[in-house]
Amino acid sequence: MTITASRPVTQVAGARAARRRWWRSRWPLVALLALLSVLTVSPFVAMFVVALSPAGRPTVPSQWPDSLTFDNIARVLSASGFATWTVNSLVYALVSVVIILLTSSMAGYAFAKKRFPGREAMFWTFLATMMVPFQATLIPTFVLVNSLDGVDTFWGLIVPTLANSQAVFLMRQFILGLPDELFDAAKVDGASEWRVYWTIVVPLTRPILATLGVFVFLWHWNDFLWPLVVGQSDATRTLTVGLTTLRTEELQLSVLMASAAVSVVPCLLVFFLLQRYLVNSIAMTGLK
């Protein structure tokens, strides 16, 4: 009985010793990561603290505010056109996410698993567009959209941003790792291309779709230059562009920080809702 009971005690002691050895060998890395985390979060904490500080009162970084208030955020939310700007940003971001995920997953599947003449040349030519900055094509794109009467319209705002070569590249690289046997078995069973895409490609690429969806949402939600050029009225003006109109007034720093905090909150919500898919996509990287 004494020998049998000592085994669990020995195992527990061994596990504790292993944890101590792990901590002694890894604590510099853990400390470095903790420091980097604090440095990363600090600007956001400062932004929210300033946003909640009473207007005209001393606040960070000079001193910690003696009280917090939601008056600045209420002032931003009650601004004329705020609801319209928010809806416009949601339409711009969500519609772009849906269309880009659909088209990029289809294109990624075609480039990864289909064989057709000129596939490699077409893919690398399309990928080369990533080296062309958007500012270089801004004026030609605006002239084209304007000639089609797309200025100050939602389709003029959304359509020029849908050709996303980075999304196609990410989808292609992920789909390349899927076993060819799955697609061969589906073809033997007589599945159509649409059925193969919808029942094999889409379910197996959910982690990368969620990751890409977060990126695309953030790109479009925070986009400023193109919405500024195309959205010339409150009917199509996005939140990032609309909040800049508040700067034409004589506002306190706390009110400006409140407007920035309001625009950041949806991004944080999207990230926290889909973070498990982000972790899964990282964990599945390199796995067949």
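Residues numbered from 1 in each chain as written. Predicted model: local features only at pLDDT ≥ 70, side-chain atom pairs only at ≥ 80, totals over all residues. Heavy atoms only, no water.

## Some points on the overall build of the chain
And then number 1: What the chain contains, in helices and strands, is 13 helices and zero strands.
And then number 2: Put simply, the chain runs from its N terminus to its C terminus through helices and strands in the order α-α-α-α-α-α-α-α-α-α-α-α-α.
And then number 3: Scored against the burial criterion, the 288 residues of the chain give a buried share of 36%.
And then number 4: Of the roughly 17500 Å² that the chain leaves accessible, carbon and sulfur atoms contribute 68%. (Helix = DSSP H or I, 4+ residues; strand = E, 2+ residues; numbered from the N terminus. Buried < 20%, exposed > 50% of the residue type's maximum accessible area, 1.4 Å probe, protein only. Areas by Shrake-Rupley, 256 points an atom, 1.4 Å probe, with all protein chains shown as cover.)

## Describing a positive patch on the surface
And then number 1: A surface patch of positive charge is lined by Arg16, Arg19, Arg20, Arg21 and Arg24.
And then number 2: Along the chain, the position of arginine 20 falls in helix α1 (residues 2–51). (Patch = residues over 30% accessible without salt bridge, like charges linked within 9 Å, V, L, I, M, F, W, Y side chains within 5 Å. Salt bridge = Lys/Arg side-chain N within 4 Å of Asp/Glu carboxyl O. Lys, Arg positive; Asp, Glu negative; His and termini not counted. Charge placed at Lys NZ, Arg CZ, Asp CG, Glu CD.)

## So, the packing of helix α4 (residues 119–128) against helix α7 (residues 165–176)
And then number 1: Relative orientation of the contacting elements α4 and α7 amounts to 135 degrees, with a least axis distance of 9 Å. Accordingly, the angle class assigned to the pair α4 and α7 is oblique. On the side of α4, the interface is formed by Glu120, Phe123, Phe126 and Leu127, while α7 contributes Ser165, Val168, Phe169 and Arg172. (Axes fitted to C-alpha atoms, helices over the stretch in contact; angles between N-to-C directions. Parallel < 35°, antiparallel > 145°, perpendicular 65-115°, else oblique. Contact = heavy atoms within 4.5 Å.)

## Remarks on the packing of helix α3 (residues 82–113) against α7
And then number 1: One way to put it is that α3 packs onto α7 with a least axis distance of 7 Å and a crossing angle of 50 degrees. Here α7 runs oblique to α3, going by the angle between their axes. Crossing of α3 over α7 shows right-handed handedness. Across the interface between the two elements, Ile100, Ser104, Ser105, Ala107, Gly108, Tyr109, Phe111, Ala112 and Lys113 of α3 pack against Ala167, Val168, Met171, Arg172, Ile175 and Leu176 of α7.
And then number 2: A class-by-class count of the residues in the contact of α3 with α7 yields ten nonpolar, three polar and two charged. (Left-handed = near helix turned anticlockwise from the far one by under 90°. Nonpolar A, V, L, I, M, F, W, Y, C, P; charged D, E, K, R; others polar.)

## Notes on the pattern of salt bridges
And then number 1: Under the defined criterion, the tally for this structure stands at four salt bridges.
And then number 2: One salt bridge connects lysine 114 with glutamate 193, and the closest N-O pair in it is separated by 2.6 Å. Separated by 79 residues along the polypeptide, lysine 114 in the loop between α3 and α4 and glutamate 193 in helix α9 (residues 193–204) bring together distant segments of the chain.
And then number 3: Residue class for glutamate 193 comes out partly exposed when judged on its relative accessible area of 39%.
And then number 4: Across the pair arginine 237 and aspartate 234 runs a salt bridge whose closest N-O atoms are separated by 3.0 Å.

## Let's talk about the nonpolar core
And then number 1: Counting 52 residues, the largest nonpolar core has Val76, Phe82, Ile175, Phe183, Trp226 and Leu243 as its most contacted members.
And then number 2: Per element, the largest residue contribution to this core is nine residues, and it comes from α3. (Core = buried A, V, L, I, M, F, W, Y, C linked by side-chain atoms within 4.5 Å.)

## Thoughts on the environment of tryptophan 226
And then number 1: Note that tryptophan 226 resides in helix α11 (residues 225–230).
And then number 2: Along the chain, tryptophan 226 and glutamine 135 lie 91 residues apart, while their C-alpha atoms are 9.4 Å from each other.
And then number 3: The residues contacting tryptophan 226, other than those within four sequence positions of it, are Tyr92, Phe134, Leu138, Thr141, Phe142, Val145, Gly156, Leu157, Pro160, Thr161 and Gly231.
And then number 4: A distance of 3.3 Å separates the side chain of tryptophan 226 from the backbone oxygen of glycine 156, its partner in a polar contact. (Polar contact = N/O pair within 3.5 Å; in protein donor to acceptor, adjacent residues only side chain to side chain.)

## Comments concerning unusual backbone geometry
A negative phi holds for most residues other than glycine; trans holds for most peptide bonds.
And then number 1: Even without a glycine there, the phi angle at aspartate 149 is positive, about 60 degrees.
And then number 2: Residue position: aspartate 149 is located in the loop between α5 (134–147) and α6 (154–158).
And then number 3: Among the residues examined, aspartate 149 registers a relative accessible area of 62% and is labelled exposed.

## Here's the deal with the packing of aromatic side chains
And then number 1: Taken as a whole and judged by the stated rule, the model has twelve aromatic pairs.
And then number 2: Here tyrosine 109 and phenylalanine 183 contribute two aromatic rings whose centre-to-centre distance is 5.7 Å and whose plane-to-plane angle is 25 degrees, an arrangement assigned as stacked. Linking tyrosine 109 in helix α3 with phenylalanine 183 in helix α8 (residues 180–188), this pair joins segments that are 74 residues apart in sequence. In this structure, tyrosine 109 and phenylalanine 183 share a single accessibility class: buried.
And then number 3: Where phenylalanine 111 meets phenylalanine 116, the ring centres are 6.3 Å apart and the plane angle is 45 degrees; that geometry is what we call tilted.
And then number 4: Note on phenylalanine 116: relative accessible area 30%, which makes it partly exposed. (Phe/Tyr/Trp six-rings, centres within 6.5 Å; stacked < 30°, edge-to-face > 60°.)

## Here we look at the environment of tryptophan 219
And then number 1: As for its placement among the helices and strands, tryptophan 219 is situated in helix α10 (residues 206–221).
And then number 2: Along the primary structure tryptophan 219 and serine 96 are separated by 123 residues, whereas in three dimensions their C-alpha atoms are 9.9 Å apart.
And then number 3: Setting aside residues up to four positions removed in sequence, tryptophan 219 forms contacts with Asn164 and Gln166.

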